[in-house]
Amino acid sequence: MLSISAKTFEDSGHANRSVHAKSHGLLIGRLDVLDDLPAELAQGLFARAESYPAILRLSTTPGDILPDSVSTPRGLAVKVLGVTGDRLPGSEDEATQDFVMANAPVFSTPDAKRFLSTLKLLAATTDRAETAKTVLSAGLRAAERVVEAFGGESATLKTLGGHPETHILGETFYSQAALRHGDHIAKLAIVPVSPELIALADAPLTVDGKPNGLREAVVEFFRDHEAVWELRAQLRTDEARMPVEDASVLWPEELSPYRPVARLTVPPQTAWSEERSRAGDDRLSFSPWHGLAAHRPLGSIMRARRLAYDRSAEFRMERNGCPMQEPATGYRLPG
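With an unreviewed UniProt entry as reference, the protein is termed Catalase family protein, source organism Azospirillum endophyticum.

(A) Summary view of the overall build of the protein. Within the protein one finds eight helices and nine strands. Expressed as a percentage of contacts within the protein between residues at least 6 apart in sequence, the contacts between residues at least 24 apart total 76%. With an accessible surface of roughly 14600 Å², the protein has 52% of that area assigned to carbon and sulfur atoms.

(B) Spatial organisation of the nonpolar core. Leu169, Phe222 and Trp229 are the most contacted members of the largest nonpolar core, which totals 59 residues. The leading source of residues in this core is helix H6 (residues 213–224), at six residues.

(C) Here's a closer look at unusual backbone geometry. Positive phi outside glycine occurs at His20, with the angle close to 55 degrees. Relative to the assigned elements, His20 resides in the loop between helix H1 (2–12) and strand E1 (22–33). A positive phi angle, close to 60 degrees, is found at Asp36, a residue other than glycine. Inspection of the secondary structure puts Asp36 in the loop between E1 and strand E2 (51–60).

(D) Representation of the pattern of salt bridges in the model. Under the criterion given, the structure shown has 15 salt bridges. One salt bridge in this structure joins Glu50 and Arg48, with 2.9 Å as the shortest N-O distance. Residue Glu50 is classed as partly exposed on the basis of its relative accessible area of 31%. Two residues, Glu318 and Arg319, come together in a salt bridge whose shortest N-O distance is 3.4 Å. Judged by its relative accessible area of 56%, Glu318 falls in the exposed class. We classify Arg319 as partly exposed; its relative accessible area is 40%.

(E) Just the side chain of Asn103, in detail. Positionally, Asn103 belongs in the loop between strand E4 (96–102) and helix H2 (112–125). Only 2.9 Å separates the side chain of Asn103 from the backbone nitrogen of Arg74, close enough to count as a polar contact. In contact with Asn103, other than residues within four places in its own chain, are Pro73, Arg74, His163, Glu171, Thr172, Phe173 and Tyr174.

(F) Region of interest: the environment of Tyr52. When you line up the elements, Tyr52 lands in strand E2. Along the sequence, Tyr52 and Thr329 sit 277 residues apart, while their C-alpha atoms lie 8.1 Å from each other.

Reading the values: the criteria
Residues numbered from 1 in each chain as written. Predicted model: local features only at pLDDT ≥ 70, side-chain atom pairs only at ≥ 80, totals over all residues. Heavy atoms only, no water. Helix = DSSP H or I, 4+ residues; strand = E, 2+ residues; numbered from the N terminus. Contact = heavy atoms within 4.5 Å. Areas by Shrake-Rupley, 256 points an atom, 1.4 Å probe, with all protein chains shown as cover. Core = buried A, V, L, I, M, F, W, Y, C linked by side-chain atoms within 4.5 Å. Buried < 20%, exposed > 50% of the residue type's maximum accessible area, 1.4 Å probe, protein only. Salt bridge = Lys/Arg side-chain N within 4 Å of Asp/Glu carboxyl O. Polar contact = N/O pair within 3.5 Å; in protein donor to acceptor, adjacent residues only side chain to side chain.

Written as structure tokens, this is what we have:
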């Protein structure tokens, strides 16, 4: 991951994230924990009904800044502010809870060792042959359409550039890997519930000739619209069929459905600007290890993220001369 950041820094003079380098929206919103949750859901951050400020960052996966015609999976990182309680190691002085999500219910590989092969391929192709990547992405999207026509789906095709060209705000985002949910173990999902977001599910979005087409679509949406998502938890109820160490296994919803625990509301605002990017992309880091002990990340992928995300943030901070900050309640993105 650091080799990806080093390559893009060498070419641009600016240090970006190793993955999810390109942001498409940087937003201020509010997380409202639902009232009267059953005991098994009322855990950790969700133990009581309360409202918290939240920062949201929409992104796509590569570590190099590519035109959106290279169509890759999408991410949503959420940082909840003003959170108190027993903390995870390394975040003792913070008052935030981060959730790092992607728009697929499972991770592309079972564990960190297998993911290393994917990362090596991404590192080897970072910042090379942008035009060729665009052409390849079109071919991969066509291949993915064939796979889906027969009722399948290929995480590999999507990761390498075959993600369908759709509106990013219509996506449902998932933690993919497991985390503690107080006395339980869970996976999380962030699901569109406001009518304007639901209408964008699988909505085609042409980005040809628009290198920042996803970002432009997000900015246009939040110029006039509010967005509401539901944060849902899927509790682990079957140890054999709902493994923790293999993040590529889909937990069956017939065993345990995703159930709402909170709502995320984002009012109309300037969704992206250069000034916002300097604050949100350069000064903020998101990691599942920023948070409460009650939501400790679990499994191989999550354990690897602890060091990898810390090193990525340190690299950006050192190269850009820009200290990271864990924001407190009252924090505002500029613009």
